[in-house]
Amino acid sequence: MTERIVIAGAGLAGLRAAERLRELGFDGEVVVLGAEPGIAYHRPALSKQLLTGAVSRADTLLADPLEVDAEWRFDTPVTALSPHRQVVHLRDEELRYDGLVIATGVEPRRMPGAPHGHQRVVVVRTLSDTVALQRALTGNPGPVAVIGDGFIGCEVASSLRETGRGVVLFGRSRPLLADVLGPDIGDWLTALHAARGVHLELGTTIRRWRPGPTSVGLEFADGRALDVACVVVAVGSVPAVSWLRGAKLPLDDGVVCEPTCHVVGSSTIVAAGDVARWPNLRYDVTPRRDEHWLNAVEMSRAAAENLLAGPQGSRPYTPVPRYWSEQHGVRIQVAGRPELGADTVLLESPVAGTRPITGFVRHGKLVGLIGLDSPAAVLHWTAELARQHPAPAVVRPRHHSEAAAGC
């Protein structure tokens, strides 16, 4: 029988995994299963250029599926997995596989008490979500409430202000994004949002929702009330693993993987992108997830390579994490793992006249860095970051029981 590799997830990670399989000469069947109705798109644009109108929906599409030699099944979510039989379950059929790539990503976290499903209470995760937000804004010039002070919430607030819309941003506490960027940059970012006209309600609790056909009323715990055109709920995400609940795979804030992207306990299943939790041996042996665009690209390619190579012939996936956010015209670039730092230091830019960047240090080594509109400095110091944390040349394959204990 012809070998078949099934890719669960038709987003960016699924697309890049399919491309890599063909680049490496795999000549069997490749079947890509996607829950959404269309092809992969540029997800970061949803909270930025698409929301402001700078690009169209067509501009966000990544590729024509016909350009990748695979069987594409859209609007076809996977519903369950039987790894002992090497079968994925769909709504009305079973599909056998010889190799499986799990690339189902994440889904928005639900906010307790919020009237999810109402036409004026939306999330921004998919292309259809952004279209729903644009529809909710039509015909009501009132302000928008953004609940959530993470990257998505802050980016949506910034984009809406760029269009001239009033924005009220709700967060847990000051400063914004301090758990990711540190308190100093968090203070700077908080001041930037306030200076650009974002009304900040940090630490405010919503006691009651009053959704209506043309607006949403919000009542605060302190007795105040606010009427808005719509509410964007951006309180985080959770790995899309509900379909794996009965499969007896290791699930702990995602699918737990070996350093090679193989799911712990399996030689025929790999995971990639937002859904995967793995130890990056460049830093330590603690499994973590990286919910970022570039990681979805790089990890899916590595996972495809290692699926074909098998556990014994695989190399550990050891990237230097990199991602960026743009808010109010300022590009925030992050490299490494700033959250591991115990102290900070200013790192001078190699380009005269440009601002330094913030380095995060642990045990005398640079573990992460953040730059504000400093691309040359970020590039320079990212190379130094990689030098101080070299990727291990080889990894000793562990027995499955040892791997499970380590994770």
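Structure: above.
These numbers come from a predicted model, not from an experiment. (Residues numbered from 1 in each chain as written. Predicted model: local features only at pLDDT ≥ 70, side-chain atom pairs only at ≥ 80, totals over all residues. Heavy atoms only, no water.)

Draft legend 1. Highlighting the overall build of the chain. Within the chain, the secondary structure is distributed over 10 helices and 26 strands. On C-alpha atoms alone, the chain measures out to a radius of gyration of 22 Å, which is about the 22 Å that the 2.2 N^0.38 rule sets for 407 residues. The proportion of buried residues among the 407 residues of the chain is 54%. Taking all contacts inside the chain whose residues are at least 6 apart in sequence as the whole, residues at least 24 apart take part in 61%. As displayed, the chain has an accessible area near 18000 Å², and 51% of this comes from carbon and sulfur atoms. The average position of the 42 basic charges and that of the 44 acidic charges among the side chains of the chain differ by 3 Å. (Helix = DSSP H or I, 4+ residues; strand = E, 2+ residues; numbered from the N terminus. Rg over C-alpha atoms; globule rule 2.2 N^0.38 Å. Buried < 20%, exposed > 50% of the residue type's maximum accessible area, 1.4 Å probe, protein only. Contact = heavy atoms within 4.5 Å. Areas by Shrake-Rupley, 256 points an atom, 1.4 Å probe, with all protein chains shown as cover. Lys, Arg positive; Asp, Glu negative; His and termini not counted. Charge placed at Lys NZ, Arg CZ, Asp CG, Glu CD.)

Draft legend 2. The nonpolar core, seen in detail. Of all hydrophobic cores here, the largest spans 54 residues; its most connected members are L81, L100 and I102. Within the residue set of this core, elements represented by two or more residues are β1 (4–8), α1 (12–23), β2 (29–33), β7 (99–102), β19 (269–271), β20 (276–279) and α8 (293–309). Sorting elements by how many residues they give to this core places α8 first, with 7 residues. With residues near it in sequence (within four places) discarded, L100 still touches V6, A8, L81, V88, T268, I269, V270 and L307. (Core = buried A, V, L, I, M, F, W, Y, C linked by side-chain atoms within 4.5 Å.)

Draft legend 3. Quick peek at empty space enclosed by the protein. Overall, the coordinates contain 2 cavities of 30 Å³ or more when judged by the stated rule. Each pocket or cavity is described by its volume, and for the largest cavity that value is around 70 Å³. The wall of the largest cavity is formed by D290, H292, L294, N295, E298, P319, V320, P321, R322 and Y323. Residue assignment for the lining of the largest cavity shows that the elements contributing at least two residues are α8 and β22 (322–327). Per-element tally for the lining of the largest cavity: the top contributor is α8, with 3 residues. When grouped by side-chain class, the residues that make up the lining of the largest cavity number 5 nonpolar, 2 polar and 3 charged. (1 Å grid on protein atoms, 1.4 Å probe; cavity = no way out; pocket = protein on both sides within 12 Å on 5 of 7 lines; lining within 4 Å. Points joined across faces, edges and corners; volume = space filled by probe spheres on them. Nonpolar A, V, L, I, M, F, W, Y, C, P; charged D, E, K, R; others polar.)

These results come straight from atomic positions and should not be treated as a statement about function.
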